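Structural characterization, general
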Amino acid sequence: MTNLLKTFYRSFISLLVLFAFNSASWASTLDDAIRTVPLNATKTVTLTPEQVKRGKRLFINTCSVCHTGGITKTNPNVGLDTEALALATPARNTIESLVDYMKNPTTYDGLESIAEIHPSIRSADIFPKMRTLTEDDLYTIAGHILIQPKIVAEKWGGGKIYY
Ligand code: HEC
């Protein structure tokens, strides 16, 4: 009987250890599926864990003052949530279209450039933080915007609280 109990106890402990180990490794490196996002309308791409980290840091440093948590403080109608990005013209829910936005941002209907009032490569003279960003930096920032909703779900962009 005691042996049986011991066996139970041991398997219980191993399960606990296994569980703790799995959650720890999940937290440090997000799995491939989460790091895989649309590159353009037809292709997807898997960012490396380093790109994900870099994208997060650059986004916080460059965009968070207005877009913390995926919302747009100065215009809550145009957030960075999945739905708003998908419904923009052109759709901004891929890496390439987001990189394009950071180079030359447009109104939600895509008709006019808003580079004069939105940070961009084109307006780097008036937005100093945009001056040092490389093509790969823009790529990782776009990746961050597309990966966040997969991690924090509806918290990214504030969910439905603005509707
Ligand atoms: C000074 C405040 C400010 C900063 C800083 C800022 N944005 Fe924005 N962003 C806005 C505003 C305001 C809008 C809404 C523009 C509009 O369509 O009228 C917007 C819109 C966007 C959109 C379009 C969203 C959609 O649903 O179509 C994207 C993408 C975006 N910003 C990305 C970024 C990125 C990436 C950065 C950092 C490199 C950044 N923004 C920095 C204010 C800011």
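You'll find the structure just up there.
Keep in mind that this is a model prediction, so the values were computed, not measured.

1. A few points about the overall build of the chain
When helices and strands are counted, the chain shows seven helices and two strands. The secondary structure elements of the chain, listed N-terminal to C-terminal, are α-α-β-β-α-α-α-α-α. Buried positions account for 23% of the 163 residues belonging to the chain.

2. A look at the packing of helix H6 (residues 95–103) against helix H7 (residues 135–152)
At a closest axis distance of 9 Å, the pairing of H6 and H7 adopts a crossing angle of 120°. For the element pair H6 / H7, the angle class is oblique. For the pair H6 and H7, the crossing hand works out as right-handed. Judged by residue contacts, Ile-95, Leu-98, Val-99 and Met-102 of H6 engage Leu-138, Tyr-139, Ile-141, Ala-142, Gly-143, Ile-145 and Leu-146 from H7. Of the residues assigned to the contact of H6 with H7, the class counts are 10 nonpolar, one polar and no charged.

3. Notes on unusual backbone geometry
Cis geometry is found at the peptide bond from Thr-89 to Pro-90, where omega equals -10°. Here Pro-90 is to be found in the loop between helix H5 (82–87) and H6. Phi at Ala-153 is positive, roughly 50°, even though this residue is not glycine. As for its placement among the helices and strands, Ala-153 is situated in the segment after H7. Residue class for Ala-153 comes out exposed when judged on the 10 C-beta atoms lying within 10 Å of it.

Scoring rules and cut-offs
- Residues numbered from 1 in each chain as written.
- Predicted model: local features only at pLDDT ≥ 70, side-chain atom pairs only at ≥ 80, totals over all residues.
- Helix = DSSP H or I, 4+ residues; strand = E, 2+ residues; numbered from the N terminus.
- Buried ≥ 20, exposed ≤ 12 C-beta atoms within 10 Å, placed from the backbone.
- Axes fitted to C-alpha atoms, helices over the stretch in contact; angles between N-to-C directions.
- Parallel < 35°, antiparallel > 145°, perpendicular 65-115°, else oblique.
- Left-handed = near helix turned anticlockwise from the far one by under 90°.
- Contact = placed C-beta atoms within 7 Å.
- Nonpolar A, V, L, I, M, F, W, Y, C, P; charged D, E, K, R; others polar.

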